[in-house]
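Report on the structure
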Amino acid sequence: MAYIIQRATSRDAVPWRNGRGVQYEVCADGPLPDGWSWRLSTADLSVDVPFSDFSGVDREFCVAVGNGVDLMIDGMSTRCGPGSITRFDGGSVVHASLIDGPTKDINLMVRQGSPAKHLSSHVAGDRITGVVALLALAGGARLSIDNHIIELEPLDGVLDLGTEVIDLAQGLIVALQ
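Notes on the structure follow. Sequence order as written defines the numbering, with residues in each chain counted from 1. Residues qualify for local features only when their pLDDT is at least 70, as the model is predicted, and side-chain atom pairs are given and counted only at 80 or more; totals for whole chains, interfaces and linings, by contrast, use all residues. Water and hydrogen atoms play no part in the side-chain values, which are based on all heavy atoms of the structure.

1. Notes on the environment of Ser-120
- We count a stretch as a helix when DSSP gives it H or I for four or more residues in a row; a strand needs E for two or more, and each element gets its number in order from the N terminus. Within the secondary structure, Ser-120 sits in strand β12 (residues 119–123).
- Each C-alpha atom, one on Ser-120 and one on Ala-169, is 17 Å from the other, the two residues being 49 residues apart in sequence.
- Contacts: residue pairs with any heavy atoms within 4.5 Å of one another. Not counting the four nearest positions on each side in its chain, Ser-120 is found in contact with Ile-85, Ile-173, Val-174, Ala-175 and Gln-177.
- Polar contacts, as used here, are pairs of N or O atoms within 3.5 Å; protein pairs need one atom able to donate a hydrogen and one able to accept it. Residues neighboring in sequence count only if both atoms are side-chain atoms. Polar contacts involving the side chain of Ser-120 include one to the side chain of His-122, which spans 2.8 Å.

Structure (structure tokens):
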């Protein structure tokens, strides 16, 4: 049992590259700002805002809390509802428009040419393995790891899971695999 429970309230705010918002680092495989091949973070969106340019990086975006976001990606609109995962090139021109209020979101960035990492959504009743980290979505989650019950509030996470088997008893999570 070597995993770490990370509460959302324990994360420090870090300004976006474009200065138009803040993110909260969850984990990465190397030092910030640029020594990583992948990194996982959360962000609060309270206004419509352009995303930072991350050319050379593949991105995945998930609305964790809130009604959703409309992402304009290189001129094409993509509606991102709660729990959905949207993939796009970090060099794309992206503008986020909120759908009926603020959101809390999950962001995965993977440098192109690095080993693949992806986000996946899971619901109560799922059994999950091969997870690097997981984050609870709106409403929180209750899960079991090796018969230990863990209660998570929205955006709380569990890190360094290794080969642990996760049984999701209640709620929704997004897993980094």
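2. Focus: the packing of aromatic side chains
- Two aromatic rings, drawn from Phe, Tyr or Trp (for Trp, its six-membered ring), form a pair once their centres lie within 6.5 Å of each other, and the interplanar angle then sorts them: stacked below 30 degrees, edge-to-face above 60, tilted otherwise. This structure, assessed with the given rule, holds 3 aromatic pairs.
- Ring centres of Phe-51 and Phe-61 lie 5.7 Å apart, and the angle between their planes is 50 degrees; this geometry places the pair in the tilted category. Remark: Phe-61 occurs in strand β6 (residues 57–65) and Phe-51 occurs in the loop between β5 (49–50) and β6; sequence separation between them is 10 residues. Take Phe-51 and Phe-61: they sit in the same class, and that class is buried.
- Aromatic pair Phe-51 and Phe-88: ring centres 6.2 Å apart, planes at 45 degrees, arrangement tilted. With Phe-51 in the loop between β5 and β6 and Phe-88 in strand β9 (residues 85–89), the pair connects residues that are 37 residues apart, well separated along the chain. Phe-88 shares its class with Phe-51; the two are buried.
- Members of the aromatic cluster, connected to one another through ring pairs, are Trp-16, Phe-51, Phe-61 and Phe-88. Under the scheme applied here, a residue whose accessible area is under 20% of the maximum for its type counts as buried, over 50% as exposed, and between as partly exposed, the area being computed with a 1.4 Å probe on protein chains only.

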